[in-house]
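This is what each chain is made of:
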Amino acid sequence: MEPDVSMETGSMIRIAVIPVGGAIPHRRLREYVSMLARHTRIDLSSISSFYSEHQKSPFTHQPWESSSLRFKYMVGGAPPSPWEDFQAHRKILAVIGLCHCPASPDLHRVIEQFASVSKGYASALAKRLFAFSPSDEQLKDGGEKANSIILFPPTDQQAHELQVLTMIQDLAATLLMEFEKWVLNAESVGTILKTPLDSQSNLGSEEVIKAKKRRLARAQKTIGDYCLLAGSPVDANAHFVTAIELARLTGDVFWHAGALEGSVCALLVDRMDERDSLLEEETKYRYYTVIQLYKRSYLQDNAQRVSTVTFELEAQLKLARYLCRRHLAKEVVELLMNASDGAKSLIDASDRLISYVEIARLFGSLGYHRKAAFFSRQVAQLYLKQDNISAAISAMQVLSVTSKAYHVQSRGTNQKQHAAPDELASGNTDFGKIHPQSIISLFESQWSTLQMVVLREILMSSVRAGDPLAAWSAAARLLRSFYPLITPAGQSALASSLANSADRLPSGTRCADPVLPFIRLHSFRMHPSQMEIIKRNSAKTDWWSGSAPSGPFIYTPFSKGGTADSNKQDLTWIVGEPVQVLVELANPCAFDLMVESIYLSVHSGNFDAFPVSVNLPPNTSRVILLSGIPTKVGPVTIPGCIVHCFGVTTEHLFRDVDNLLLGAAQGLVLSDPFRCCGSVKLKNAHFPSISVVPPLPLLVSYVVGGDGATILYEGEICDIRIRLTNAGTVPIVQAHMSLSGKNQHSVVSIPCDTLNSALPLKPGAEVSLTVTIKAWKLSLTDSDHDPGKNTSGNSRGVSKEGSNPLLVIHYAGPISQIDELHPSEPTVPPGRRLVVPLHISVIQGLRFVKARLLSMEIPARVSEILPKPATLNDINTEDNTVHSRMDSLVKIDPYRGSWELRLLELELSNPTDVVFDVNVFVQLDTSVNNNNITVVDHDTAEFGCPKTRIDHDCSARVLIPLEHFKLPILDSSLFAKDSPASDGFGSKSSSFKERNTKAELAASISNLVSKIKVRWQSGRNSSGELNIKDAVQAALQASVMDILLPDPLTFGFRLINNGSRTENIVNLDPVNLKSNTSDGSPDSHRDVIKVRSRSLISAHEMTDIEVLIRNNTRELIRMSLSLTCRDVAGDNCIEGHNATVLWAGILSGISLEIPPLDEVTHPFSLYFLVPGEYSLLAAAIIDDANDVLRSRARTGSPEDPIFCRGSPFRINVTGTA
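Heads up: these notes are all about the structure in this document. Note that the coordinates shown come from a computational prediction; the quantities given were computed from them, not determined experimentally.

1. Quick word on the overall build of the protein
Next up, step 1: What the protein contains, in helices and strands, is 28 helices and 52 strands.
Next up, step 2: In the protein, once contacts between residues fewer than 6 apart in sequence are set aside, the share between residues at least 24 apart is 79%.
Next up, step 3: With the model as given, the accessible surface of the protein reaches about 59,100 Å², and the carbon-plus-sulfur share is 51%.

2. Overview of the side chain of Arg-832
Next up, step 1: Relative to the assigned elements, Arg-832 resides in strand E31 (residues 831-837).
Next up, step 2: We classify Arg-832 as buried; its relative accessible area is 1%.
Next up, step 3: A polar contact is formed between the side chain of Arg-832 and the side chain of Glu-577, at a distance of 2.3 Å.

3. Topic: the nonpolar core
Next up, step 1: Residues Phe-71, Leu-98, Phe-130, Trp-573, Val-583 and Ile-598 are the most contacted members of the largest nonpolar core, which totals 177 residues.
Next up, step 2: Here the element with the most residues in this core is helix H4 (residues 157-188); it accounts for 13 residues.
Next up, step 3: Counting residues in hydrophobic clusters, the runner-up holds 37 residues, among them Cys-1125, Val-1141, Leu-1176 and Ile-1211.

4. So, the packing of helix H7 (residues 233-250) against helix H8 (residues 253-270)
Next up, step 1: At a minimum axis distance of 8 Å, the contact between H7 and H8 shows a crossing angle of 160°. Judged by the angle between their axes, H7 and H8 are roughly antiparallel. Of the two possible hands of crossing, H7 and H8 adopt the one that is left-handed. Residues Pro-233, Val-234, Ala-236, Asn-237, Phe-240, Ala-243, Ile-244, Ala-247 and Arg-248 of H7 touch H8, and the partners they reach there are Trp-255, His-256, Ala-259, Leu-260, Gly-262, Ser-263, Ala-266, Val-269 and Asp-270.
Next up, step 2: Of the residues that constitute the contact of H7 with H8, the class distribution is 12 nonpolar, four polar and two charged.

5. A few points about the sheet that holds strand E10 (residues 570-574)
Next up, step 1: An order of E10-E19-E16 is seen for the three strands of this open sheet, with the pairing classed as mixed. The two strands at the open ends of the sheet, each matched to only one other strand, are E10 and strand E16 (634-636). Each strand of the sheet is rotated relative to its neighbour by a mean of 35°, with strand direction disregarded.
Next up, step 2: As paired elements, E10 and strand E19 (residues 689-693) share five bridges and run parallel to each other. Within E19, the residue paired with Trp-573 across the bridge is Val-692.

6. Some words on unusual backbone geometry
Next up, step 1: With an omega dihedral of -5°, the bond running from Leu-516 to Pro-517 counts as a cis peptide bond.
Next up, step 2: The residue Pro-517 is located in the loop between strand E7 (510-511) and strand E8 (518-524) in this model.
Next up, step 3: A cis geometry characterises the amide bond from Leu-759 onward to Pro-760, with omega recorded as -5°.
Next up, step 4: The phi angle at Asn-619 is positive, at roughly 55°, despite the residue not being glycine.
Next up, step 5: With relative accessibility at 40%, the residue Asn-619 sits in the partly exposed group.

7. What about the environment of Gln-580?
Next up, step 1: Relative to the elements of secondary structure, Gln-580 occurs in strand E11 (residues 579-587).
Next up, step 2: Residue classification places Gln-580 among the partly exposed positions, given a relative accessible area of 30%.
Next up, step 3: Residues contacting Gln-580, with those up to four places away along its chain left out, are Phe-524, Arg-525, Leu-625, Leu-626 and Ser-627.

8. Re H7
Next up, step 1: Counted at 1.5 Å a residue, the expected span for H7 with its 18 residues is 26 Å, and the 25 Å between its end C-alpha atoms agrees.
Next up, step 2: Of all the residues in H7, the buried ones are Pro-233, Asp-235, Ala-236, His-239, Phe-240, Ala-243, Ile-244, Ala-247 and Thr-250.
Next up, step 3: Gly-251 occupies a position one or two residues after H7 and carries a positive phi of about 70°.

9. Regarding the sheet that holds strand E13 (residues 607-610)
Next up, step 1: With respect to topology, four strands assemble into an open sheet ordered E8-E11-E15-E13, the strand pairing being antiparallel. Sheet topology places E8 and E13 at the edges, where each strand pairs with a single neighbour. This sheet shows a mean twist of 30° between the axes of neighbouring strands, independent of strand direction.
Next up, step 2: Relative to strand E15 (residues 620-630), E11 runs antiparallel, the two being bridged by nine bridges. Within E15, the residue paired with Leu-582 across the bridge is Leu-625.
Next up, step 3: Across the sheet, helix H20 (residues 654-665) lies against E8 and E11, angled at about 105° from E8, the strand it touches most.

10. Brief notes about a negative patch on the surface
Next up, step 1: A surface patch of negative charge is lined by Asp-106, Glu-112, Asp-136, Glu-137 and Asp-141.
Next up, step 2: Examining the composition of the negative patch, we find that three residues originate from one element, helix H3 (residues 136-144), more than from any other.

11. A closer look at the packing of aromatic side chains
Next up, step 1: Overall, the coordinates contain 26 aromatic pairs when judged by the stated rule.
Next up, step 2: Ring plane angle 85° and centroid distance 6.2 Å describe the contact between Phe-71 and Tyr-73, whose orientation is recorded as edge-to-face.
Next up, step 3: Since its relative accessible area comes to 4%, Phe-71 is described here as buried.
Next up, step 4: Taken together, the aromatic side chains of Trp-83, Phe-86, Phe-254, Trp-255, Tyr-294 and Phe-311 make up a single cluster linked through ring pairs.
Next up, step 5: The side chain of Lys-221 reaches across the aromatic face of Phe-86, ending 4.6 Å from its centre.
Next up, step 6: Over the face of the ring belonging to Phe-674 we find Arg-520, whose NZ or CZ atom lies 4.1 Å from the ring centre.

12. Some words on the environment of Phe-524
Next up, step 1: Mapped onto the elements of the fold, Phe-524 is located in strand E8.
Next up, step 2: A relative accessible area of 11% places Phe-524 in the buried class.
Next up, step 3: Taking the C-alpha atoms as reference points, Phe-524 and Leu-626, 102 residues apart in sequence, are found 10.0 Å from one another.

13. A word on the environment of Met-452
Next up, step 1: When you line up the elements, Met-452 lands in helix H17 (residues 448-465).
Next up, step 2: Those residues within four positions of Met-452 in sequence are excluded, and the remaining contacts are Leu-478, Phe-482, Leu-485 and Ile-486.

14. Comments concerning the pattern of salt bridges
Next up, step 1: Going through the model one piece at a time under the given rule, you end up with 33 salt bridges.
Next up, step 2: For Asp-252, the salt bridge is made with Arg-218, and the minimal N-O distance between the two is 2.9 Å. Separated by 34 residues along the polypeptide, Asp-252 in the loop between H7 and H8 and Arg-218 in helix H6 (residues 205-229) bring together distant segments of the chain. Pair check on accessibility: Asp-252 and Arg-218 agree, each one buried.
Next up, step 3: A salt bridge links Asp-225 to Lys-221, with the shortest nitrogen-to-oxygen separation between them at 2.9 Å. Pair noted here: Asp-225 and Lys-221 are both in helix H6, with a separation of four residues, about one helical turn.
Next up, step 4: According to the relative accessible area criterion, Asp-225 is buried, its value standing at 7%.
Next up, step 5: The exposure class of Lys-221 is buried, given its relative accessible area of 1%.
Next up, step 6: Bridged by salt links that share partners, the residues Glu-2, Arg-14, Arg-90 and Glu-314 form one connected network.

15. Overview of the pairing of strand E45 (residues 1102-1111)
Next up, step 1: E45 sits mainly inside the fold: seven of its 10 residues count as buried.
Next up, step 2: Pairing between strand E42 (residues 1049-1057) and E45: eight bridges, direction antiparallel. Looking at E45, one finds that Phe-1053 is bridged to Val-1107.
Next up, step 3: Two elements, E45 and strand E49 (residues 1159-1168), share nine bridges in a ladder whose sense is antiparallel. Note that in E49 the partner of Thr-1103 across the bridge is Leu-1166.

Here is what the cut-offs are and how they apply
Residues numbered from 1 in each chain as written. Predicted model: local features only at pLDDT ≥ 70, side-chain atom pairs only at ≥ 80, totals over all residues. Heavy atoms only, no water. Helix = DSSP H or I, 4+ residues; strand = E, 2+ residues; numbered from the N terminus. Contact = heavy atoms within 4.5 Å. Areas by Shrake-Rupley, 256 points an atom, 1.4 Å probe, with all protein chains shown as cover. Buried < 20%, exposed > 50% of the residue type's maximum accessible area, 1.4 Å probe, protein only. Polar contact = N/O pair within 3.5 Å; in protein donor to acceptor, adjacent residues only side chain to side chain. Core = buried A, V, L, I, M, F, W, Y, C linked by side-chain atoms within 4.5 Å. Axes fitted to C-alpha atoms, helices over the stretch in contact; angles between N-to-C directions. Parallel < 35°, antiparallel > 145°, perpendicular 65-115°, else oblique. Left-handed = near helix turned anticlockwise from the far one by under 90°. Nonpolar A, V, L, I, M, F, W, Y, C, P; charged D, E, K, R; others polar. Pairing = 2+ DSSP bridges. Expected span 1.5 Å × (residues − 1). Patch = residues over 30% accessible without salt bridge, like charges linked within 9 Å, V, L, I, M, F, W, Y side chains within 5 Å. Salt bridge = Lys/Arg side-chain N within 4 Å of Asp/Glu carboxyl O. Lys, Arg positive; Asp, Glu negative; His and termini not counted. Charge placed at Lys NZ, Arg CZ, Asp CG, Glu CD. Phe/Tyr/Trp six-rings, centres within 6.5 Å; stacked < 30°, edge-to-face > 60°. Lys NZ or Arg CZ within 6 Å of the ring centre and 35° of its normal.

Here it is as structure tokens:
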């Protein structure tokens, strides 16, 4: 049998192409053969100049304008066929020798070698020897041997091709003239034609007679063959018709079939460009007849041990090739299956090989790839039965082609998977998309056993062929795809095969087929808080606004995001800064896997990857970190990893593993390699769009003292020193500092000015910042318990993680940078965000238990001096001022007294194991007027009490008098909110005023609370302030107006000595005593004592006293004053029959008018009969009270009287009764 046969094969002239002379380089030989192969069809019109008709041509119907000669070049020649007389196209009708002159200096020897070689082709009618690239000497020698050799001087390719075409046309004309001679000779003299069928028959007398009758039919058939070769199908058809009739008459079935087959060839050549249904039906009918005739001839001549089944098979294959179209698939399949059955009876293995090759080709052309693969494997098995390298190479090549049908092909031959780098880059956005249909077509688990057999055959043939790369590829595919079906011993054997193949390969060999490990993308490492990138808008000065994190976590699930493609992310990498990608490796096999190197695969050329080595034990998986550095601006594509394992470098694509895992989930592949290794199931990692931007500044923070949390007690204040360094290559020109996270209120100050003054911060420069922070108060929800510390049996509270405030710094480099991809367009590089957690661990310290408001009555003692009252000249209309007589905060002057003294009691507890010293400070607004008298103003002064020490597991109470917070005057503006509405919108106005009242009340309480400070100190360096705001606000909520507002009238008593008043020339306040003396010496204090000692009263003496009534409002007050004196039992000792005190003057019903912010006096005298302690009381009823007084008295009815009572003044009367 012959390969690549068709119905038109009978019209092809076979020409043997033989290299002669010295060894021709392979590249040159391919070049010379390719020049010949371009000329397989020579038009008769092009050879007319070379053709000469010596006598009348037998091809009377030859179409010179449309016909042609068809050449088939047999490189290397071909052995003579025993069936050359039966079919003339099987003969070698011409021989062309190829000589490379530089390798063959002796042309004479070349000519002799060609003559010797061409003698083996007795049927050759023309011979030509082509010599290429001759030297000058060879050109001279070749001129003398022009009839024996044709020289092609060195010139360009086009000239060579033209010269070769000319020589081929000359050869075609020679062959045409030889065909004419042969046909004329056969018609006149006749010829004896034999086949192997004839040579093996014992001819009897009858057989000789029959042979003579058949000679004419065979001659006509052969003449028809030569007419076909000469390009005259009409003449050939006429001779074939005659041969068919004569063969039918003589019973020559075999030649009958050959003549009928030749007629079909003539018909098709004559109607080469035409194809219709009639022609197709006629061809089918004739060829089915040919097949039947060949089958009959085989049955008749079976006893002669010469098989003609090859011609039957060739006829079936020719008809199948002619009908090979999808709509005739059923008929073609039937022909091919019959041919495959017939091939089993072939004795010659080469014929069986060729038949399987042709059947496989036709099934492949028809689209039946599985059937084509089956017969291709039959071809490979026939090759493998031969014990030589060439057969093994052929088997390997056939199986490699077959592997595609079994879906085990090498990735290097699959263009769809092994795409070019630019295709991978363009398809990067689809990496995360899985197409189920492609998965179903790619994986078919029911083929697993057959696929393994195919891969084993490829491996075996590659080893026998001596191709280590093909063997490595086959072993890699077998191990990677079918490791679950391979025993541990088999897996180790494949690993050994991989290692042995790698030993025979040069170092650095690459293979398109990955083996192990399985690699999938785990995740992309986001930029840490030290390196976070923020988009920057040049049109917006505060580009950082809205980008600060709102909590302790950089990512929040409630952040606004797009809904179109929420899975897509954009990553920005910076030139020169390392980046990291997490990948997961899996080794599902039973041997240790040593990955010599693995690094990210980047085809964009702007990324340098860093390789790492990994050792994976059997049946284990591991997540590793791969890193690299971007080198240029532009997009980056990471389709997979480059792995050097088993001595060969391969590329592992993430997309392949994603498809594999999806196939495992759908049951289309054998198993999931990651689940086999105990790895958790991951969601499909989405491939973000990665872009590289120019270099940016990089701010690195360092907390002086270490990154550990600073342990503080509640309320403790400390400074955190942070050192910032620009570790980038670009200066920082913009910076903004802000706070984020929890407990932002605990940050007392941040050094924004310090950072701004250091700009621009050049690369390598450093700036130190000091952040002042105050430890916050622990709540029940924000505190854990420290098991290492126990106080009184209770666990000690500590702050939770994530409760620290965050210092957020947004910074950016210069704007004037040029994009390398678009030099004409200036770009705005992004900015960055540095998040520095202020690590504070707050533990429970001095505990504030509760706050209470206490009231008490302290009678004052009558003396000769009283405090100087506030006057209208000393009071500013905008800023209310009073004299500030600050005694100690906890000591009460017995000469001052108070009718209703209000004290704030703070209860403190120390649950810790250290000692706390507590100081209570009250901030008062103070100022100094022209008379050096202390008055209220916006400046503040702090007055404190002595320290209170609270030991371990002890409590203490601190009293704070609130008299110092009273306003100096009672102004109508304080009650403006209570005035009735004057317009028609009474309800709306009243509701609005109620809201104002609440707001002003809350503001007053906050102002009052903010002036009270409880500070503590423990040891030398630990100090802080206790947070009492909430508790004090709750304690003062109900009585704040009584604390702040003064009484409209205040009363005081003063002694009069010798009928003259003692002026108020000395202020008894110790603070003011110091301010009125230059050095605050004890002499001043002794003067005060002398004054107070002169205030003693004796019994049985007339004592002159005057009462002072002070108006604390800005309005004139008319009142009715009453005075009384009571003994220690509280009884009135002036009136009644048992009176012990005599009096002179008016003590009741005294009508007085007091100007605004002024005072009046009323004198009277008392005569004490009995020594002891007495109390003087003053009371008044205000006439025609205004709205201010009624609001202060909390009465709304104009008929109710306004009653004012002063504080009691105590008199100590000495003497005898």
